[in-house]
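Residue-level structural notes
Residue strings, one per chain:
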Amino acid sequence: MAPTAEEEITLHLEYWADELSPAQKAAYEKAEKEHNDIRNKLKDLVKEAGGKNIFSGEVFTAYQVLGPVPGLEQISKPITSLKKKQPVAAPVTPSSSKRSASPVLESGKRKSRRSEYKADDDNDGGDFAPDDDDEEYIPLSKRLEMKKKEKAAKEAAAKEAARKKEDKKHHDKKADTKTPKKPEKPQSITASNVRPTESTSIGGLLIGGDKEKKKVTAEPTAIVDLTKDDSGKPVADSREVSFSKIQGKTFPSLVVIARPSLRTSDKAPADRPQLDAKVKNVLMHTATKFTEWLIQQGLVKSEQYCQVHRGTPLKLGMYSDASKFPYSGGYVWISECCPTRFISVFNGSTFEGSPHPPSVILKLIYHWSCQTNVSNVVNWVKVDNLYVKGLYTWLRSVCTVALCQHMKLMGGIGKKIEVGVISLGTTTQDGQQRQVKVEVLGVLDPEAKLVRLRAVEPLSDGERNYKKRFSKILEPLAGWVHKDSVILTDLTVDKGTLNNMGYKTVQQVSPSDANNKNSNANIMDYLRRIVPRMFQNTLSLLSRQIIQQFLNELVWRESYGTSPGQTFDNIVAHIAEQTKIETKDNLVTRLNKAAADPFKHWTYPIEAINTPKPAAKRGRKPKEQSK
């Protein structure tokens with residue numbers, strides 16, 4: 001007789017469910033969170049790229065997506081990368097080959113855990129079936145012990161690698177002390193691989209090189225950008241404008257002419273013929289002699305230093321094939337420390353990176369000194385308006401820096417200084433509306449015939465304040481005029497502002513008393529007659545920065561350029577002075593910065609340069625040498 005179901009049960013046990021520990025709960029929550037995240041990510045990808053659900057089971061879900069799926073690489077791995085990891089797993093058995101049809105993610109997890117378990121129990125020597133439940137469980141104590149072993153092994157390997165590296169360094173140092181190094185030679189670079197030319201040398205001209213086309217258009221553009229107005233309006237002086245039917249279109253800044261007038265009564269020497277002969281003689285030189293003349297004048301550096309080995313002087317050599325350096329006659333800077341580096345003689349000068357020969361730049365300096373009509377300059381020198389504008393901007397920057405370096409405080413105890421202010425602006429054709437473009441501060445030493453000018457941006461209509469206006473206009477006075485000077489001005493200038501700035505002796509006269517010996521009639525006449533004439537047709541087309549550049553040029557010409565010959569000699573001397581200055585920026589960069597901010601007081605350590613002052617060379621009066 002077969003036993004009944006109740007008779008088969010011989011043991012009855014009671015049981016109760018244990019609550020999960022916090023660690024177990026955290027593990028389950030983490031797994032559930034990862035599952036939800038990956039499911040939501042897949043759904044988002046299907047929505048974005050377009051696709052459909054082709055299988056949905058209890059454990060797995062499959063999607064079909066058409067085309068490339070952005071972001072898929074974040075949640076999946078290529079099958080090829082998983083196949084490469086297969087040899088790490090346990091040996092393949094008939095049962096494990098069946099498991100290969102299971103999902104990739106699951107098989108990847110199991111293989112990693114199987115390999116960890118097997119690595120710890122190599123002495124057991126048995127193969128485990130993939131479906132064995134014992135394979136999935138590793139006690140916590142054993143896992144912690146495995147991590148400790150792995151960490152200790154990694155630290156030991158790192159220490160061993162560091163020790164070997166240190167031993168190698170120590171061995172190399174010993175070898176260096178025993179066997180002195182030979183002088184550096186071009187590393188695996190033969191003479192055939194080194195093909196120096198003017199365009200490939202450091203700081204050379206860009207004539208005939210691959211960079212020429214790019215540089216010709218890029219260089220002037222950089223100069224134009226420096227004249228951008230503060231207000232964010234279209235760039236000033238960036239378009240050619242027609243001022244007359246005869247001359248054609250040109251840039252507004254090329255029409256402005258700064259003519260000195262303070263010393264015209266002194267009968268400036270007519271030295272134009274001597275200057276013409278001098279420049280013509282220099283231009284007739286061969287390339288070698290022309291370069292030597294540039295070095296003698298200081299227009300190119302007479303000393304160069306290695307840019308790799310700081311402080312190592314270079315040697316001026318003559319390249320055997322002069323055709324490689326046709327504009328320097330073969331002259332090039334070389335060094336023993338870097339025999340494959342060739343430094344052009346034009347490096348660090350106004351000629352650096354020029355798309356034209358140095359003779360062209362010398363011609364433009366000559367025409368700037370003589371204030372030749374721009375249309376004639378373009379026709380005679382064979383350059384375009386854009387390049388002329390860029391080079392003339394640099395020359396105005398040279399004037400700006402020279403004034404900062406050489407102009408000392410005007411006046412002194414008991415000396416009279418005239419101060420005046422005018423407003424320059426534009427009016428409509430009917431004369432009804434007038435817009436102030438800029439206010440000009442003028443300071444004149446009538447005895448020494450020295451002048452300083454500053455273009456000040458007028459206050460807006462919303463902030464019209466008398467005290468604030470004159471505090472802004474008279475601000476440069478502190479760096480120009482001695483505090484103990486006698487200030488002569490008219491009633492249009494606020495006396496209280498001058499007193500607050502430290503000028504205690506201020507004499508004001510009304511405009512009707514222009515004949516009074518204590519009036520500022522001279523500077524007011526200069527401001528009303530000379531300055532507006534410069535910007536007669538171009539004021540509305542220029543920015544305040546460009547206006548200040550021309551005011552600086554006018555001040556410079558009043559002191560250093562009353563005749564063409566004197567102007568040429570002094571501008572060459574000031575270019576040479578600034579070429580010798582050693583800073584982190586080269587000369588062209590410094591000139592561009594001065595053009596962008598001509599209001600700043602630019603100073604460099606000229607005291608260390610053993611060059612005579614230009615004014616002393618020209619036989620100027622002792623009183624004017626210190627100005």
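All of the points below concern the structure found in this document. From a predicted model like this one, the values you see are computed outputs, not experimental measurements. (Residues numbered from 1 in each chain as written. Predicted model: local features only at pLDDT ≥ 70, side-chain atom pairs only at ≥ 80, totals over all residues. Heavy atoms only, no water.)

As a further point, take the overall build of the chain. Helix and strand counts for the chain come out as 22 helices and eleven strands. For the chain, with 627 residues in total, the buried portion stands at 38%. Nonlocal contacts in the chain, meaning residues at least 24 apart in sequence, comprise 66% of its contacts between residues at least 6 apart. As presented, the chain carries roughly 37,900 Å² of accessible surface, and 53% of it is formed by carbon and sulfur atoms. (Helix = DSSP H or I, 4+ residues; strand = E, 2+ residues; numbered from the N terminus. Buried < 20%, exposed > 50% of the residue type's maximum accessible area, 1.4 Å probe, protein only. Contact = heavy atoms within 4.5 Å. Areas by Shrake-Rupley, 256 points an atom, 1.4 Å probe, with all protein chains shown as cover.)

Since one α-helical turn is 3.6 residues long, residues separated by three or four positions face the same way. The first and last C-alpha atoms of helix H9 (residues 272–283) sit 16 Å apart over twelve residues, in line with the 16 Å expected at 1.5 Å per residue. Among all positions in H9, only Leu275, Val279 and Val282 are buried. Within H9, the buried residues cover an arc of 60° as seen down the axis, which keeps them to one side. In H9, the exposed positions angled more than 90 degrees off the buried face are occupied by Pro273, Gln274 and Lys280. Check the buried side of H9 and you find it contacts helix H10 (287–297), helix H11 (358–370) and helix H19 (564–579). (Expected span 1.5 Å × (residues − 1). Arc of directions from axis to C-beta.)

The next thing to look at is the packing of aromatic side chains. The tally for this structure, following the rule as stated, stands at seven aromatic pairs. Their ring planes at 70° and their centres at 5.5 Å tell us that tyrosine 319 and phenylalanine 325 sit as a pair that is edge-to-face. For phenylalanine 325, a relative accessible area of 0% corresponds to the buried category. On the basis of an interplanar angle of 80° and a centroid distance of 6.5 Å, the ring pair of phenylalanine 535 and phenylalanine 550 is categorised as edge-to-face. You can see phenylalanine 535 sitting in the loop between helix H17 (521–534) and helix H18 (544–560) and its partner phenylalanine 550 sitting in helix H18, a full 15 residues away along the chain. Classification of phenylalanine 550 as buried rests on a relative accessible area of 2%. Three or more aromatic residues joined by ring pairs make a cluster, and in this case those are Tyr319, Phe325 and Phe342. (Phe/Tyr/Trp six-rings, centres within 6.5 Å; stacked < 30°, edge-to-face > 60°.)

Turning to the state of the cysteines, a few remarks are in order. Tallied over the entire structure, the rule returns zero disulfides. The thiol of cysteine 306 is unpaired, and the distance to the nearest cysteine sulfur, on cysteine 337, comes to 3.7 Å. Classification of cysteine 337 as buried rests on a relative accessible area of 18%. (Disulfide = S-S within 2.5 Å.)

Between its terminal C-alpha atoms H11 stretches 19 Å, which fits the 18 Å expected from 13 residues at 1.5 Å a residue. Extensive coverage of H11 is indicated by the burial of eleven of its 13 residues. Within H11, burial applies to Pro358, Val360, Ile361, Leu362, Leu364, Ile365, Tyr366, His367, Trp368, Ser369 and Cys370. Buried residues along H11 sit in contact with H9, H10, helix H12 (374–381), helix H13 (385–406), H18 and H19. After H11 finishes, the residue glutamine 371 shows a positive phi value of roughly 55°.

Turning our attention to the packing of H18 against H19. Between H18 and H19, whose axes approach to 10 Å, the crossing angle comes to 110°. Between H18 and H19, the angle is such that the two are roughly perpendicular. The crossing of H18 and H19 is right-handed. On H19, the residues that touch Trp556, Arg557 and Tyr560 of H18 are Gln566, Thr567, Asn570, Ile571 and His574. Residues of the contact of H18 with H19, tallied by class, amount to three nonpolar, four polar and one charged. (Axes fitted to C-alpha atoms, helices over the stretch in contact; angles between N-to-C directions. Parallel < 35°, antiparallel > 145°, perpendicular 65-115°, else oblique. Left-handed = near helix turned anticlockwise from the far one by under 90°. Nonpolar A, V, L, I, M, F, W, Y, C, P; charged D, E, K, R; others polar.)

All right, on to a nonpolar patch on the surface then. A cluster of nonpolar residues, Ile54, Phe55, Val59 and Phe60, forms a patch on the protein surface that exposes about 400 Å² of accessible area. Within the secondary structure, phenylalanine 55 is located in strand S1 (residues 51–56). (Patch = residues over 30% accessible without salt bridge, like charges linked within 9 Å, V, L, I, M, F, W, Y side chains within 5 Å. Salt bridge = Lys/Arg side-chain N within 4 Å of Asp/Glu carboxyl O.)

This next bit is on the nonpolar core. With 83 residues, the main nonpolar core has Leu364, Leu453, Tyr526, Phe535 and Ile571 as its most contacted residues. With ten residues, the top contributor of residues to this core is H13. Excluding anything up to four places from it in sequence, leucine 364 contacts Val377, Val381, Val383, Tyr387, Val388, Leu391 and Tyr392. One finds Met410, Val421, Val456 and Ile487 within the second-largest nonpolar core, a separate group that totals 21 residues. (Core = buried A, V, L, I, M, F, W, Y, C linked by side-chain atoms within 4.5 Å.)

That's the geometry; what it means functionally is another story.
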